[in-house]
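Summary of structural features
Spelled out, the chains give:
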Amino acid sequence: MAKYLAKRLGQSLIAVLGITLVVFLVLNVAGDPVQLMLPPSASQADIEAMREEMGFNDPIIVQFGRFLKGAVVGDFGMSYNYNEPAMAVVLERLPATLKLAGAALLISLIFGIPAGIISAIKRNSKTDAVIRSISLLGQCIPAFWLGIMLIMIFSVKLRWLPTSGNDSWKSIIMPAFTLGVFTAATITRLLRSNMLEIMTKEYIDVAKAKGLGGYMIVMKHAFKNALSSILTVLGLQIASLIGGAVITETVFGWPGIGRLAVQSITNSDFMVVEAIVFIMAISFTLINLVVDILYCIINPRIKMQ
Amino acid sequence: MWNNLKESKTGILGLSIVLLVIVVAFTATIISPYDPVKQDIINKMKPPAWSEGGTWDHIFGTDQLGRDILSRLIYGSRVTLMVAFSGTILAGIVGVVMGAISGYYGGWIDSLIMRIVDIQLSFPFILLALFIAAVLGSGLQNIILIAGLSGWVRYARLVRGEILSIKEMEYIEAIRSLGGSNMRIIFRHILPNVISPVIVIATLEMAKIILMEASLSYLGLGVPIEIPTWGRMLSDSRVHLVTSPWMAILPGLAITLTVLGVNLLGDWLRDYLDPKLDF
């Protein structure tokens, strides 16, 4: 176990390094950060002065070394917009994003798991058809449009929920729902197909022959075995949840790092962008590590290699 | 193939929607009632024909600058399709080549490519896409490039897996002993075997690319502002939700329908070409 964990941690570290390297390269090799940060009216002298001041005249290797050295201790330089260390700006907004992603995950599990099970048990019935249509739609609707439609109905027409912000418990309902729909749909579809496959297995016949009731067979035998595949997908879905947060937070004016990312990109506050990418990369790799460990606990037959 | 399609109602629906969008995009200059960028401030924010105050001059109404929404929807389909097809093809080529190299040669190059795949799969691409769009600037080419970069990993994984199982087969050994080169083996004997799962993935990935392009346009980092796109129309509608809800409803419907069509077609193709495939 310890050896496996060490190996996975090592891989995670490489992944985080890889992403930071990509971000650094895109910004410094494909683009010119100074040009992006200064207004178009800046004179050549201004540009040169800023280059010198920020150390952009050093060789690229030296710059990357400096960048990495800072990244290790979480120092990405100062944010232009907020005049604070970039990392502090990001960390301040991280809890809001985690709260939103957590709520969305909860919603997707609450809707996705029962829907998937019911759909599988009542295969080819009307209920199944309805659940399948809704889950297919859930994968096709752009999140930002769903968000706008919800705002139109529940904020503009009915005036039940606030359009934006994070002031009361009511504020999180629409953003969490918008963000969770895609994951809920994915879980439903996957769970249905897995349960159907498992229900054809011999051990289900054995359970039936033993005289077990339908509920026991479904929950104890079929669902338990379908769970490991759900976990794998969840690991990947968390990436799309945090990615989706970028859009959802913008639509609902949610004060998290997704909205901060969009604002910082449009304002060319690249120090903040680098810090966000770094934090996101670390969160993902950690979450995936946890998922891997859970996976082994649920399914001990999988060797930890 | 046609007989199988006839039996699948959802497959027919998917194909019809996709064909409709393609026809609309190709005939945009003919069927579009107005110039999609022509402003007409006197007639701004006219509701659609069926609601109160609407006229048949502008069936779907007009936007905040008096531009005809139907015409903008029609022209918007062009950007959607252009990005969807070019992005899918680019991603497919990059992914198949990388997967083939990875699976066929193995060793360190395989490890390297698979690490890159892992990194990309574990990271929300929209963030990198935003970042690349901001640094490189907006433009159709850049969006296609981003679409291509975002989707290649799935093909690479699939092709690698298929090649790993095929390359050990006896007929490959036979070709090798007859003096067949690596390139010949890969292109003539291995790749034709993976073409159908690649087509299935391409269709399902295309749906994702359409959603991504719309998201980037919505955030204002898509194609230049003067080109009408569905995502941009939606972001324009944001401040007019109370007075002109149709400005938000119609482009969203267009995106959802198109993605639905592509997904239905993809689901049918998967069942038809490769029922064992599961993703």
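Use the structure listed above.
These notes cover the structure that comes with them.

Description of the overall build of chain A
In terms of helices and strands, chain A carries twelve helices and zero strands. When the elements of chain A are put in sequence order from the N terminus, they spell out α-α-α-α-α-α-α-α-α-α-α-α. Once the C-alpha set of chain A is aligned to its principal axes, its extents read approximately 85 × 55 × 30 Å. When the accessible area of chain A is evaluated, it comes to approximately 15,100 Å², of which 66% is carbon and sulfur surface. Charged side chains in chain A number 25 positive and 18 negative. The centres of these two groups are separated by 21 Å.

Details of the overall build of chain B
Within chain B one finds eleven helices and zero strands. Secondary structure elements in chain B, listed N-terminal to C-terminal, are α-α-α-α-α-α-α-α-α-α-α. Overall, the C-alpha framework of chain B stretches about 75 × 50 × 30 Å when taken along its three principal axes. For chain B, buried positions account for 56% of its 279 residues. Partitioning the contacts of chain B with sequence separation of at least 6, the portion at a separation of at least 24 is 72%. A total accessible area of about 12,800 Å² is found for chain B, and carbon and sulfur atoms account for 65% of it. Counting 21 positive and 21 negative side-chain charges, chain B places the averaged centre of each group 2 Å from the other.

Description of the interface of chain A and chain B
On the side of chain B, 38 residues touch chain A, which itself brings 45 residues to the contact. A combined buried area of about 3,700 Å² lies between chain A and chain B, and 83% of that area is made up of carbon and sulfur atoms. On the surface where chain A and chain B come into contact, there are one salt bridge. The salt bridge partner of A:Arg189 is B:Asp267, with a shortest N-O separation of 2.9 Å. Put simply, chain A and chain B have two residue pairs in polar contact (both at pLDDT 80 or more) between them. Elements represented by at least two residues in the side of chain A that touches chain B include exactly helix 1 (2-30), helix 6 (126-140), helix 7 (143-157), helix 8 (173-199), helix 10 (214-252), helix 11 (257-266) and helix 12 (270-298) of chain A. It is helix 1 of chain A that provides the largest number of residues to the side of chain A that touches chain B, a total of ten residues.

Section: the side chain of B:Asp110
Residue and element names in this part refer to chain B. Here Asp110 shows up in helix 5 (residues 107-121). Relative accessible area serves as the criterion here: at 12%, Asp110 is assigned to the buried category. Residues in contact with Asp110, not counting those within four places in the same chain, are Ser102 and Arg160.

So, the environment of B:Asn193
All names here are of chain B. Its place among the elements puts Asn193 in helix 9 (residues 182-218). Sequence separation between Asn193 and Ile166 is 27 residues; the distance between their C-alpha atoms is 8.6 Å. Residues in contact with Asn193, not counting those within four places in the same chain, are Ile166 and Tyr171.

Notes on helix 11 of chain A
Two residues of an α-helix separated by three or four positions point the same way, owing to the 3.6 residues in each turn. Residues and elements named next belong to chain A. Here helix 11 lies mainly inside the structure; seven of its ten residues are buried. Taken together, the buried positions of helix 11 are Ile257, Gly258, Leu260, Ala261, Val262, Ser264 and Ile265. Note on helix 11: the residue one or two positions beyond its end, Ser268, has a positive phi of about 55°.

Side note on the side chain of A:Thr183
All names here are of chain A. In this fold, Thr183 is placed in helix 8. Overall, the relative accessible area of 1% leaves Thr183 in the buried class. Of the polar contacts made by the side chain of Thr183, one reaches the side chain of Gln237; its length is 3.1 Å. Setting aside its immediate chain neighbours within four residues, Thr183 contacts Ser108, Gln237, Ser240 and Leu241.

A word on the environment of B:Ile227
Residues and elements named next belong to chain B. In this structure, Ile227 sits in the loop between helix 9 and helix 10 (230-237). A relative accessible area of 29% means that Ile227 is categorised as partly exposed. Sequence-wise, Ile227 and Val79 are 148 residues apart; in three dimensions their C-alpha atoms are separated by 8.2 Å.

Re a nonpolar patch on the surface
Residue and element names in this part refer to chain B. Where nonpolar side chains cluster on the molecular surface, the patch consists of Leu90, Val94, Leu136, Leu145 and Leu149 and spans about 340 Å² of accessible area. At the level of secondary structure, the elements contributing two or more residues to the nonpolar patch comprise helix 4 (69-105) and helix 7 (140-166). Its place among the elements puts Leu149 in helix 7.

Looking at the pattern of salt bridges
Residues and elements named next belong to chain B. Tallying each qualifying case throughout the model produces eight salt bridges over all chains. The salt bridge involving Arg154 is made with Glu205; its shortest N-O contact spans 3.2 Å. Of this pair, Arg154 sits in helix 7 while Glu205 sits in helix 9, placing them 51 residues apart in sequence. Taking relative accessible area as the criterion, Arg154 reaches 37% and is therefore assigned partly exposed.

Here is what the cut-offs are and how they apply
- Residues numbered from 1 in each chain as written.
- Chains lettered and ligands numbered in written order.
- Predicted model: local features only at pLDDT ≥ 70, side-chain atom pairs only at ≥ 80, totals over all residues.
- Heavy atoms only, no water.
- Helix = DSSP H or I, 4+ residues; strand = E, 2+ residues; numbered from the N terminus.
- Areas by Shrake-Rupley, 256 points an atom, 1.4 Å probe, with all protein chains shown as cover.
- Lys, Arg positive; Asp, Glu negative; His and termini not counted.
- Charge placed at Lys NZ, Arg CZ, Asp CG, Glu CD.
- Buried < 20%, exposed > 50% of the residue type's maximum accessible area, 1.4 Å probe, protein only.
- Contact = heavy atoms within 4.5 Å.
- Buried area = accessible area lost by both parts, 1.4 Å probe.
- Salt bridge = Lys/Arg side-chain N within 4 Å of Asp/Glu carboxyl O.
- Polar contact = N/O pair within 3.5 Å; in protein donor to acceptor, adjacent residues only side chain to side chain.
- Patch = residues over 30% accessible without salt bridge, like charges linked within 9 Å, V, L, I, M, F, W, Y side chains within 5 Å.

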